[in-house]
Amino acid sequence: MDQKDQKHTERKPSDEFIEKLVKLNRTSKTVKGGRRMSFSALTVVGDQKGRIGFGFGKANDVTEAIRKSLEKARANLTFVPVKNGTIPHEVVGTYKSSSVLLKPACPGTGVKAGGPVRAVMDAAGITDVISKSQGSRTSVNVVRATFDAVTKMMNARAVAQNRGKTLQEMWG
């Protein structure tokens, strides 16, 4: 393969995120001339290495609503500590009346989670986790509760440093 052909096969690494559409909702408003439709989209983006974000966008067109939500998701990134394809410890996240319990799982378990939580875990690159969603099942609230749980997670290096120990002493 010469250099000219190689140039066209390389893909620019400008957008390394995967995008997942969690929920697309259509609403209608009755006006004098009939019904006016509008759309809302909830999306999750992640690089499958621990960086994830979510966004919610509304517009009169489906593609515009999805585009807006993806822009907000990229602007709203957070980091998830991933240890051997799972989370480091059990954690509970809440948002309004939704709560999400996330538990680490041994390799080979897979992602045992419902739709919104599964989308977040897949985007983060977590391959083994068990979750339980309680309370309100609204997709937006469940995603926000999952992100609350993710932000409560502690990084092993930071915990070891705070305790004045090495990472080897903590994990054995």
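Preceding block: the structure.
Here's what I pulled together on the structure shown here. Predicted model, so just to flag it, every value in this text is computed and none were measured.

Observations regarding the overall build of the chain
Link 1 in the chain: A tally of helices and strands in the chain yields 6 helices and 8 strands.
Link 2 in the chain: The linear arrangement of helices and strands in the chain, starting from the amino end, is α-β-β-β-α-β-β-β-β-α-β-α-α-α.
Link 3 in the chain: Relative to the globule expectation of 16 Å for 172 residues, the C-alpha radius of gyration of the chain, 20 Å, shows a markedly less compact shape.
Link 4 in the chain: Considered along the principal axes of its C-alpha atoms, the chain spans approximately 70 × 60 × 30 Å.
Link 5 in the chain: For the chain, the proportion of its 172 residues judged to be buried stands at 36%.

Things to note about the nonpolar core
Link 1 in the chain: One finds I52, L102 and M121 to be the most contacted residues of the largest nonpolar core, which totals 25 residues.
Link 2 in the chain: Listed by contribution, the elements that provide at least two residues to this core are strand 2 (34–46), strand 3 (51–59), strand 6 (98–104), helix 3 (115–124) and helix 4 (139–152).
Link 3 in the chain: For L102, the residues in contact, after removing those within four places along its chain, are I87, H89, E90, V91, V117, M121, I130, S131, A149 and M153.

Some details on the pattern of salt bridges
Link 1 in the chain: Applying the stated criterion to the full structure yields 6 salt bridges.
Link 2 in the chain: Put simply, R67 and E71 hold a salt bridge, and the shortest N to O gap is 2.3 Å. Of this pair, R67 and E71 both sit in helix 2 (residues 62–75), 4 residues apart, which is roughly one turn of that helix.
Link 3 in the chain: We classify R67 as partly exposed; its relative accessible area is 37%.
Link 4 in the chain: A relative accessible area of 46% places E71 in the partly exposed class.
Link 5 in the chain: Between K152 and D148 there is a salt bridge; the shortest N-O distance is 3.4 Å.

Some details on the sheet that holds strand 2
Link 1 in the chain: Spatially, 1-2-3-4 is the arrangement adopted by the 4 strands of the open sheet, whose pairing is antiparallel. The outermost strands of the open sheet, each flanked by one partner alone, are strand 1 (18–31) and strand 4 (77–79). The mean inter-strand angle of the sheet, taken between neighbouring strand axes irrespective of direction, is 15°.
Link 2 in the chain: As paired elements, strand 3 and strand 4 share 3 bridges and run antiparallel to each other.

Some words on the pairing of strand 3
Link 1 in the chain: Where strand 2 and strand 3 come together, 8 bridges link them in antiparallel fashion. Note that in strand 3 the partner of G46 across the bridge is I52.
Link 2 in the chain: Hairpin connection of strand 2 to strand 3: 4 residues between the antiparallel strands, including Q48 at a positive phi of 60°.

Things to note about the side chain of S131
Link 1 in the chain: By the element assignment, S131 lies in strand 8 (residues 129–135).
Link 2 in the chain: If near-sequence neighbours (up to four positions away) are discounted, S131 is found in contact with L101, L102, K112, A113, G114 and V117.

Comments concerning the side chain of N141
Link 1 in the chain: Of note, N141 is situated in helix 4.
Link 2 in the chain: The exposure class assigned to N141 is buried, which follows from its relative accessible area of 15%.
Link 3 in the chain: Not counting residues within four places of it along the chain, the set of residues in contact with N141 comprises Y95, S98 and S136.

What about the pairing of strand 1?
Link 1 in the chain: As paired elements, strand 1 and strand 2 share 13 bridges and run antiparallel to each other. When the sheet's bridge partners are listed, T27 is paired in strand 2 with S38.
Link 2 in the chain: Counting the residues between successive antiparallel strands, the hairpin from strand 1 to strand 2 contains 2 residues.

Scoring rules and cut-offs
Residues numbered from 1 in each chain as written. Predicted model: local features only at pLDDT ≥ 70, side-chain atom pairs only at ≥ 80, totals over all residues. Heavy atoms only, no water. Helix = DSSP H or I, 4+ residues; strand = E, 2+ residues; numbered from the N terminus. Rg over C-alpha atoms; globule rule 2.2 N^0.38 Å. Buried < 20%, exposed > 50% of the residue type's maximum accessible area, 1.4 Å probe, protein only. Core = buried A, V, L, I, M, F, W, Y, C linked by side-chain atoms within 4.5 Å. Contact = heavy atoms within 4.5 Å. Salt bridge = Lys/Arg side-chain N within 4 Å of Asp/Glu carboxyl O. Pairing = 2+ DSSP bridges. Axes fitted to C-alpha atoms, helices over the stretch in contact; angles between N-to-C directions.

The analysis is restricted to geometry; functional conclusions fall outside its scope.
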